[in-house]
Amino acid sequence: MRGALVTGGGRRLGAVIARHLGGKGWHVFVHHHQSAAGAREVAAQIIAAGGRATPVQADLADAQAVERLFAACEAACPLGLLVNNASGFSYDTAASVSAERLEAHMRVNLFAPALLTRNLHAALTARGERGVAISLVDNKVFGLNPDYFSYTLSKVALQGMIQMQAMALAPTLRLAGIAPGITLISGLQTPEEFERSRRNNPMGMGCTPEQILNAIDFILASPAYHGQTLVIDGGQVLQRRPRDVVFLENPAAAKG
């Protein structure tokens, strides 16, 4: 059995991914920062279903904590899969952006994935094995708008990281990205606004957690898929919207 580290695995989409991989035979390390109860519950669910899982804690904004996280997982069960799912997400604009907000997003959304991916490559190289690193990007990267300025910049950088590390770390480590459109309701939305937003695209449907799981399965089953990112958004990026979908449905929701 090989290990799979899922960052942000204690809640929302990360929990769905962790449970899915647990059912596929991976020993899942369910990472969390502050969602300890959620991570323990997800791990318990995987174990109850016959799998293996371990909750692990780390503040991804702390580079030393990132190093300790990887070392602990690797020592417990050698890793073959990394899913960079955890993400900082808060609102700012090009006019309100601060160095502190930029750094906070970059540390979690770029620095941690880059360091974890580097470490996975080194561990696989030492063992003479191959593995996969999948990062959750965002469809905004392929249809830019200026909302959530720092967050979006960090995801643009993450997409660049995927391609650059794919060039440098093959064939030992295969890299891929998944860029979903609106998938789960956010704190700024009502259920009605969420449903309108996810249908407001050429296909009239949004991304779902199940489609993201399908994308993960495709990537894992396709050894020639490398250095690319799957966009799952019903064609939303083709519309080149001027604002984030949250604010198209509710302009008053913008803050900052």
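Scroll up to find the structure this text is about.
Parameters at a glance
In this convention, every chain numbers its residues from 1, walking through the sequence in written order. Side-chain atom pairs in this predicted model are given and counted only at pLDDT of 80 or more, local residue features only at pLDDT of at least 70, and totals for whole chains, interfaces and linings cover all residues. The basis for the side-chain values is all heavy atoms of the structure; hydrogens and waters are excluded. Whether two aromatic rings pair depends on their centres lying within 6.5 Å, for rings of Phe, Tyr and Trp, where Trp uses its six-membered ring; planes under 30 degrees apart make the pair stacked, over 60 edge-to-face, and the rest tilted. In this text, helices come from DSSP runs of H or I with a minimum length of four residues, and strands from runs of E with a minimum of two, each type numbered from the N-terminal end. When accessible area is computed with a 1.4 Å probe and restricted to protein chains, residues below 20% of their type maximum are described as buried, those above 50% as exposed, and intermediate ones as partly exposed. Two N or O atoms count as a polar contact when they lie within 3.5 Å, although within protein this holds only if one can serve as hydrogen donor and the other as acceptor, and sequence-adjacent residues are included solely when both atoms are side-chain atoms. Positive residues here are Lys and Arg, negative ones are Asp and Glu, while His and the chain termini are left out of the count. Any Lys or Arg side-chain nitrogen located within 4 Å of an Asp or Glu carboxyl oxygen qualifies as a salt bridge. Pairing between strands is defined by DSSP: at least two bridges between the two strands are required. The angle between two axes is taken between their N-to-C directions and runs from 0 to 180 degrees, where each axis is a line fitted to C-alpha atoms and a helix contributes only its stretch in contact. Only heavy atoms matter for contacts: two residues are in contact if any of them lie within 4.5 Å across the pair.

A full pass over the atoms with the stated rule returns four aromatic pairs. Relative to Y148, the ring of F89 has its centre 4.4 Å away and its plane inclined at 20°; by these criteria the two rings are stacked. One end of the pair, F89, is in the loop between β4 (79–84) and α4 (99–127); the other, Y148, is in the loop between β5 (131–136) and α5 (149–169), and 59 residues separate them in sequence. We classify F89 as partly exposed; its relative accessible area is 44%. An aromatic cluster is defined as three or more aromatic residues linked by ring pairs; in this entry it consists of F89, Y91, Y148 and Y151.

With respect to the secondary-structure elements, S150 resides in helix α5. Classification of S150 by relative accessible area gives buried; the value is 0%. Reaching out from S150, the side chain makes a polar contact with the side chain of D92 at a distance of 2.5 Å.

Moving on, we get to the side chain of K155. Looking at the secondary structure, you find K155 in helix α5. Buried within the structure, K155 lacks any salt-bridge partner; its nearest side chain of opposite charge belongs to D138, at an N-O separation of 6.4 Å.

A separate point is the sheet that holds strand β6 (residues 173–180). Taking strand neighbours across the sheet as the criterion, the seven strands line up as β3-β2-β1-β4-β5-β6-β7 in an open arrangement whose pairing is parallel. Strands at the two margins of the open sheet, each flanked by one partner only, are β3 (52–57) and β7 (228–232). Ignoring which end each strand starts from, the neighbouring axes of this sheet average 20° apart. Pairing between strand β1 (residues 3–6) and β4: four bridges, direction parallel. Bridge pairing in β4 links A4 to L81. Lying on the sheet, helix α2 (residues 36–48) is in contact with β2 (27–32) and β3; it crosses β3 at an angle near 170°.

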